[in-house]
Amino acid sequence: MKHIISVLVENESGVLSRVSGLFSARGFNIESLTVAPVGDKQTSRITLVTGGDGPIIEQILKQLHKLIPVIQVVNLSEGPHVGRELMLIKVSTERGQDKNVRDEIMDIVAIFRAQVVDATPTSLIIEVTGDNDKLHACLAMLEPYGVGEVVRTGQVALARGNRK
Amino acid sequence: MQLTGAEIVVKCLLEQGVQTVFGYPGGAALYIYDEIYKAGDKITHILSRHEQGALHAADGYARATGRPGVAIVTSGPGATNAVTGLATAYMDSIPMVCISAQVSVPLIGNDAFQEVDTVGITRSCTKHNYLVRDVRDLARVLREAFFIANSGRPGPVLVDIPKDVSNTKTDYAPPSGEVTIRSYRPTTKGHQRQVRRAVEMLQVAERPLLYTGGGVILANAWEELRWLTNALNLPITHTLMGLGSFPASDVRFLGMLGMHGTYEANMAVSNCDLLVAIGARFDDRVTGKISSFAPHAKIIHIDVDPTSISKNVRVDLPIVGDVRLVLNQINALVREEKAEQKQPDRQAWWQEIAEWRKKDCLRFTQGPEVIEAQYVIQSLCTLTEGQAIIATDVGQHQMWAAQFYGFQEARHWLTSGGLGTMGYGLPAAMGAQVAFPKRQVVVISGDGSIQMNIQELGTCLQYNLPIKIIILNNGYLGMVRQWQELFYERRYAETDIANAPDFVKVAEAYGALGLRTDRPEEVMPLLRQGLAHPGTVVMDFRVRRESNVYPMVPAGGALQDMILGELL
């Protein structure tokens, strides 16, 4: 099962390699990882997605907490939470003689509440935000038109309500 | 007060009560060493012959005294040579602060002369490390380093100081109050409800067993452990790291458990109904096959490090906290509840243990022709009454020392348990001897291990350290040879090292006394002579070439399936 773990750390040099080094040294796997300073810039929030059974996740949480610059570790998957990922997709608009290609793509963009953020005579860049499933679905819909490059962020997430 | 970085280093060492440091100078460390020189009346610096020696010496000092050991090395190769020492201390949770010099800040990242990414290299073998780019952070970082090294689960902390930082002035203020780090607050006291449950479980257990490790010694908790063991009359076994916590001569002590543990200890683990793990971490050398470990037991685990709990073995009752404080809580409750009167009759359990003991699993025969290594250690134990500080290297001699030297006191046993570092013994003994100049400090080593840091004889002689070095010389890398004999059809791949140097001449070349014998009847007289000599002594005992450490649990085997050896 996938777990979204939110780690609040001191915003100091080397802290990211302490976290990622822990995962590689102990053979834990990281599916995605995002990091950025938050609040007063004294701290950073690392959100990482990892997998493993109960005891492994328990070890991951404890080992993360053991790192000196780690202030707080929360397993968001333990409760209701909102998770989002962002993807940029470059789609070709040159398929065959079909003049409706752009319209069709715009329909897909609308369905997924995505946005076109760049357009050229031969391509569009589409920005789509959502959870993992939605991004997959959107990408699958666009694939027949000829998807060029794709970039995506890792997941970020917050617990719902007052839970921290 | 305006001070340079180097002056702040010395100030902070003095703040921490540091009187002894171990190290090796170099280009980037020149400013720091200049201040060490000027502070010569307050801080004694012991110059090793290799940085690894300095780190192990600081480690030995820490294990023998309980105070953090301090080492200073230069940048580049100085720092890389320190890595084995850091990793050794990290695996055994030894409090240490290593100050490494670094190239000047503007040169960092430029592949400068003697530059390495020290914090990058040492990140995974230190509890924490720092690169101090701004001299204004230096005093805070050094105070944090000592605090982190010596609190919670202890460990080595490295502080990397660029050369220009050590020569830049800034305001220095003495420390104001305790160090606080918002992201680092180790748990200290045990949860009272868990403690109560532990006492309840102890009270009803019919076949209880205490299994204790290095954490008892790190927490200075052996008095509390002894009280509990005696009050409830419990059988107790130690890990390699725990030796000395409980007197080996006491009938409650079953010896060491695990791969080379005693028959009675391993059988007790396999048959107990309650296993109380205290400051131990269920290492693979202790548990053998995990699924067969303590199969009938409920397990209580007391440890300061939450990551140790349920890492290898699921436990029924975890108690996170400083071992000493938790034991105090347990002991108070035992007293209050008069728990000893509520216990069931355990005569049947003691009877079983007595039967296992009758195997006499460490039995060996000293014949008239060839010296048995076990006999040398047993003789040493007799002559020193189990009161010497013993440092070892790694291999057969280490296991025999653990089995045959009956430790009566904690902090008398310096051995690299987790990392298994050959070359640890001699420098670690230096650290202990510097801390306790009047005590008998003995290195038990092998002909392989001793050659890994034999250059430290130079340090012993420079500082008149009267260390006694026993080499159990069998011309083999004996432990590896033993495995080759048992599991690789006697193909002795690269383990024959019979063309060793003449250790007597080596000793003499350094200015030490060298002694040698291959006669069993000379073992005692030679040990007496060596131990009585006022200076450094190397004693070369030519022992049986092919001899194995028994009992032995093959790697991955279950404890109850141990091999008992030729005699049994």
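This structure is a prediction, so every number in the text was calculated from the model and none was measured. The numbers attached to residues start from 1 for each chain and follow its sequence in the written order. Chains carry letters and ligands carry numbers; both start at the beginning, A for chains and 1 for ligands, and go up in the order they are written. Confidence filtering applies because this is a predicted model: local features only for residues at pLDDT of at least 70, side-chain atom pairs given and counted only at 80 or more, and all residues used for totals across whole chains, interfaces and linings.

Draft legend 1. Structural view of the overall build of chain B. In DSSP terms, a helix is any run of H or I states spanning at least four residues, a strand is any run of E spanning at least two, and both are numbered starting from the N terminus. Helices and strands together make up the secondary structure of chain B, namely 22 helices and 20 strands. Taken against the 2.2 N^0.38 rule, which gives 24 Å for 568 residues, the C-alpha radius of gyration of chain B at 24 Å falls within 12% of a compact globule. Projected onto the principal axes, the alpha-carbon positions of chain B cover approximately 70 × 60 × 40 Å. Going through the 568 residues of chain B one by one, you find that 55% of them count as buried. For every residue pair, C-beta atoms are placed from the backbone, and the pair is scored as a contact if these atoms sit within 7 Å. The contacts of chain B with a sequence gap of at least 6 include a subset with a gap of at least 24, amounting to 77%. Each radius of gyration is computed over the set of C-alpha atoms, and the globule rule expresses the reference value as 2.2 Å times the number of residues to the power 0.38. Exposure in this text rests on C-beta crowding, where 20 or more other C-beta atoms within 10 Å of a residue's own make it buried, 12 or fewer make it exposed, and counts in between make it partly exposed. The C-beta atoms are placed from the backbone.

Draft legend 2. Expanded view of the domain arrangement of chain B. Residue and element names in this part refer to chain B. In this document the domain limits rely on a domain assignment from an automatic tool or a database. What the domain assignment lists for chain B is domain 1 (2-171), domain 2 (192-357) and domain 3 (373-549). Using C-alpha coordinates to define each centre, domain 1 is positioned 30 Å away from domain 3. Going through the elements one at a time, β2 (20-23), β3 (44-47), α3 (51-65) and α4 (77-91) are the ones with two or more residues in the side of domain 1 that touches domain 3. Nonpolar residues are Ala, Val, Leu, Ile, Met, Phe, Trp, Tyr, Cys and Pro. Charged residues are Asp, Glu, Lys and Arg, and all others, Gly as well, are polar. Its residues placed into classes, the side of domain 1 that touches domain 3 shows nine nonpolar, 12 polar and four charged.

Draft legend 3. Layout of the domain arrangement of chain A. All names here are of chain A. What the domain assignment reports for chain A is domain 1 (2-78) and domain 2 (82-158). On a C-alpha basis, the centres of domain 1 and domain 2 stand 30 Å from each other. Each partner contributes to the interface: domain 1 provides eight residues, whereas domain 2 provides six residues. Listed by contribution, the elements that provide at least two residues to the side of domain 1 that touches domain 2 are β1 (2-10), β2 (30-38) and β3 (43-51).

Draft legend 4. The interface of chain B and chain A, seen in detail. Counting residues at the interface gives 12 residues for chain B and 16 residues for chain A. Split by residue class, the side of chain B that touches chain A holds four nonpolar, five polar and three charged.

Draft legend 5. Summary view of the sheet that holds strand β11 (residues 253-256) of chain B. Residues and elements named next belong to chain B. Strand pairing requires that DSSP identify at least two bridges connecting the strands. Spatial strand order, β11-β10-β9-β12-β13-β14: six strands in an open sheet with parallel pairing. Each end of this open sheet is capped by a strand with a single partner; those strands are β11 and β14 (317-320). Each neighbouring strand pair of the sheet contributes to a mean axis angle of 15°, computed without reference to strand direction. As defined by bridge partners, strand β9 (residues 208-212) adjoins strand β10 (residues 236-238) across three bridges and the pair is classed as parallel. Residue pairing for β10: Tyr211 is matched across the bridge by Thr237. To obtain each axis, a line is fitted to C-alpha atoms, and for helices this fit is confined to the stretch in contact; angles are then taken between N-to-C directions over 0 to 180 degrees. In the packing of helix α11 (residues 263-271) onto the sheet, the strands contacted are β9, β10, β11 and β12 (274-278), and the crossing angle to β11 comes to about 105°.

Draft legend 6. Spatial organisation of the sheet that holds β3 of chain B. All names here are of chain B. The six strands are arranged β3-β2-β4-β5-β7-β6 in an open sheet whose pairing can be described as parallel. The open sheet is flanked by β3 and β6 (128-131), the only strands paired with a single partner. Averaged over all pairs of adjacent strands, the angle between strand axes in this sheet comes to 20°, irrespective of strand direction. Sitting on the sheet, α3 is in contact with β2, β3, β4 (69-73) and β5 (96-102), with an inclination near 165° to β4.

Draft legend 7. View of the packing of helix α10 (residues 222-231) of chain B against helix α13 (residues 323-337) of chain B. Residue and element names in this part refer to chain B. Viewed as axis vectors pointing N to C, α10 and α13 meet at an angle of 30°, and their least axial separation amounts to 9 Å. By the angle between their axes, α10 is roughly parallel relative to α13. In this structure, α10 meets α13 at a crossing whose hand is left-handed. Of the residues in α13, those touching α10 at Glu224, Leu225, Trp227, Leu228 and Ala231 are Arg324, Leu327, Asn328, Ile330, Asn331 and Val334. Grouping the constituent residues of the contact of α10 with α13 by class yields seven nonpolar, two polar and two charged. Roughly parallel covers angles under 35 degrees, roughly antiparallel covers those over 145, roughly perpendicular covers 65 to 115, and oblique covers all other angles. Two helices that cross are described as forming a left-handed crossing if the nearer one is turned anticlockwise from the farther one by less than a right angle, and a right-handed crossing if clockwise.

Draft legend 8. Structural context of unusual backbone geometry. All names here are of chain B. The omega torsion across Tyr550 and Pro551 is -5°, close enough to zero to call that bond cis. Locating Pro551 in the fold gives a position in the segment after β20 (537-542). The backbone of Asp111 sits at a positive phi, close to 55°, despite the residue not being glycine. Here Asp111 shows up in the loop between β5 and α5 (118-122). Judged by C-beta crowding, with 8 C-beta atoms within 10 Å, Asp111 ranks as exposed. Located in the positive-phi region is Glu489, a residue other than glycine, with phi close to 50°. By secondary structure assignment, the location of Glu489 is in the loop between α20 (478-487) and α21 (503-510).

Draft legend 9. Up close: the confidence of the model for chain B. On average, residues of chain B score 97 in pLDDT, and 100% of them are at 70 or above. Here the prediction assigns the complex a pTM of 0.95, and the interface score ipTM is 0.90. By definition, pLDDT measures how confident the predictor is in each residue, and it falls between 0 and 100.

Draft legend 10. How the structure looks around the nonpolar core. For the purposes of this analysis, a nonpolar core is taken to be any set of buried Ala, Val, Leu, Ile, Met, Phe, Trp, Tyr and Cys residues that are connected through C-beta atoms within 7 Å. Of all hydrophobic cores here, the largest spans 183 residues; its most connected members are Ala71, Leu275, Val376 and Ile470 of chain B. When residues no more than four places from it in sequence are discounted, the contact partners of Val376 of chain B are Ile371, Ile470, Leu472, Val523, Phe541 and Val543 of chain B. One finds Val49, Ile60, Leu67 and Ala157 of chain A within the second-largest nonpolar core, a separate group that totals 17 residues.

Draft legend 11. The arrangement of the environment of Ile57 of chain A in detail. Residues and elements named next belong to chain A. Secondary-structure assignment places Ile57 in helix α2 (residues 54-66). For Ile57, a count of 19 C-beta atoms within 10 Å puts it in the partly exposed group. Separated by 29 residues in sequence, Ile57 and Phe28 have C-alpha atoms that sit 9.1 Å apart. Ignoring sequence-local partners within four residues, the contact set of Ile57 consists of His3, Gly52 and Asn75.

Draft legend 12. The environment of Ile353 of chain B, seen in detail. All names here are of chain B. One can find Ile353 in helix α15 (residues 347-357). Judged by the 23 C-beta atoms lying within 10 Å of it, Ile353 is buried. Between the alpha carbons of Ile353 and Trp483 there is a distance of 29 Å; along the sequence they are 130 residues apart.

Draft legend 13. Up close: the pairing of strand β7 (residues 156-162) of chain B. Residue and element names in this part refer to chain B. Of all seven residues in β7, seven are buried; the element is thus mostly enclosed. Across the two faces of β7 the burial is the same, with Pro156, Leu158, Asp160 and Pro162 and Val157, Val159 and Ile161 all buried. Direction of pairing for β5 relative to β7: parallel, over a ladder of seven bridges. Among the inter-strand pairings, Met96 is bridged to a residue of β7, identified as Pro156. Judged from the four bridges that link them, β6 and β7 form a sheet pairing that is parallel. Its bridge partner being in β7, His128 is matched across the sheet by Val157. Note on handedness: a crossover is taken as right-handed if, strands pointing away from the viewer, the path from the first strand over the helix to the second is clockwise. Read from β6 through helix α6 (residues 138-149) to β7, the crossover connection turns out right-handed.

Draft legend 14. Seen up close, helix α1 (residues 5-15) of chain B. The element α1 of chain B is extensively covered by neighbouring structure, given that nine of its 11 residues are classed as buried. Phi for Gly17 of chain B, located one or two positions after α1 of chain B, is positive at around 75°.

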